[in-house]
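Coordinates in review
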Amino acid sequence: MSISPQLRNLNIDLPACPQTLVKLSLLMADDDASIDQMASLIETDMALSAAVVRTVNSALFGLLKRVESVHDGIRYLGMAQVAGLTYEIGLRGAFPPSPLLQTIWDRAGVRGLAMGRIARQLDMDPWHAHTLGLFAESGRAVLFAYDRQRYASLSAEPDEALLCAAEIEAFGVSHSALGAALCQAWGLSKDISDGVRARPHVPSQWAHERPAVQKLLAIGAAVDALLLNPDTVDHPDQVWAALQPVAEQVGLHFQSFQIATSRVVDRLNLPQDSSNVQV
């Protein structure tokens, strides 16, 4: 997929996708891909393989038996979840470490994991959901890497729409547009890049998106409100009252959506499930 010429003219560099992740994206698009193929691919990169095994063995997943290989991790967690973890590790590694980016990646890890698990329960593509959750704020990392000092002064804005407006004024582009471009540059599906681009929009603006993208956006909105937004996590009844018309608008059965989301959120909110897992 081509990157918008307007973004290219801004001279803001997008980090290159590691070759292992390029091949992994192609593999995940193949309906006939096997566990053995995926494990063999990840294990060609020793550092990536070790990081995946270490993450699978973390408290976040609560496995009863320690895994010793990527193959075992896939067998316990499934291809989509391990692929998402691999992309998370690659995405973190594409940018220089900093406290601001650490916070972004910690949120991304929890968001991606939750979205993938909810999507699976709703018979949606868990790989697309997990990856959209990971890349949702990736454009912020691009802007931070481009001009750390100037972006740090904007980053405290909690409202996505207002943050995008401030970014456009300061840089000529929003983090959502850059995140979508990064998804395209890394060979991810159009549903993922469109979801990243549309994420700051209010639900009434989702109508022109494809149905699959609208559903992904609804899942992401629920995860952000119930897991990641300190202003709303303690008021689930209010969140669900706001989410019910959104779910119905995008064609999700509300009760199924609520049950699946609540189950995942409750699981990730358990004390042993730290959102600050180091990978």
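Definitions and limits used
- Residues numbered from 1 in each chain as written.
- Predicted model: local features only at pLDDT ≥ 70, side-chain atom pairs only at ≥ 80, totals over all residues.
- Heavy atoms only, no water.
- Helix = DSSP H or I, 4+ residues; strand = E, 2+ residues; numbered from the N terminus.
- Rg over C-alpha atoms; globule rule 2.2 N^0.38 Å.
- Contact = heavy atoms within 4.5 Å.
- Lys, Arg positive; Asp, Glu negative; His and termini not counted.
- Charge placed at Lys NZ, Arg CZ, Asp CG, Glu CD.
- Buried < 20%, exposed > 50% of the residue type's maximum accessible area, 1.4 Å probe, protein only.
- pLDDT = per-residue confidence, 0-100.
- Polar contact = N/O pair within 3.5 Å; in protein donor to acceptor, adjacent residues only side chain to side chain.
- Axes fitted to C-alpha atoms, helices over the stretch in contact; angles between N-to-C directions.
- Parallel < 35°, antiparallel > 145°, perpendicular 65-115°, else oblique.
- Left-handed = near helix turned anticlockwise from the far one by under 90°.

**Section: the overall build of the protein chain**
When its secondary structure is counted, the protein chain shows 16 helices and 0 strands. Its C-alpha atoms give the protein chain a radius of gyration of 18 Å, within 12% of the compact-globule value 19 Å for 279 residues. Once the C-alpha set of the protein chain is aligned to its principal axes, its extents read approximately 50 × 45 × 35 Å. Excluding contacts between residues fewer than 6 apart, the proportion of contacts in the protein chain whose partners are at least 24 apart in sequence is 67%. One finds the centroid of the 21 positive side-chain charges in the protein chain at a distance of 4 Å from the centroid of its 30 negative side-chain charges.

**Regarding unusual backbone geometry**
Across the chain, the bulk of peptide bonds are trans and the bulk of non-glycine residues have phi less than zero. Phi at Asp123 takes a positive value of approximately 60 degrees, unusual for a residue other than glycine. The residue Asp123 is located in the loop between helix H7 (99-121) and helix H8 (126-135) in this model. Asp123 gets classed as exposed once you look at its relative accessible area, which sits at 74%.

**Some remarks on the confidence of the model for the protein chain**
Mean pLDDT over the protein chain: 90, with 92% of residues reaching 70 or higher. Below pLDDT 50 for its whole length, residues 271-279 participates in 22 contacts with residues either more than four positions away or in separate chains.

**A word on H8**
Of all 10 residues making up H8, 10 are buried, and the element is well covered by its neighbours. Taking the backbone nitrogen of Trp127 as reference, a side-chain oxygen 2.9 Å away marks Asp125 as the first, capping residue of H8.

**Quick notes on the packing of H7 against H8**
For the pair H7 and H8, the least separation of the axes is 7 Å and the interaxial angle reads 160 degrees. Taken together, the axis directions place H7 and H8 in an arrangement best described as roughly antiparallel. As H7 packs across H8, the resulting crossing turns out to be right-handed. Along its contact with H7, which presents Ala108, Gly109, Arg111, Gly112, Leu113, Met115, Gly116, Ala119 and Arg120, the element H8 presents Pro126, Ala129, His130, Leu132, Gly133 and Leu134.

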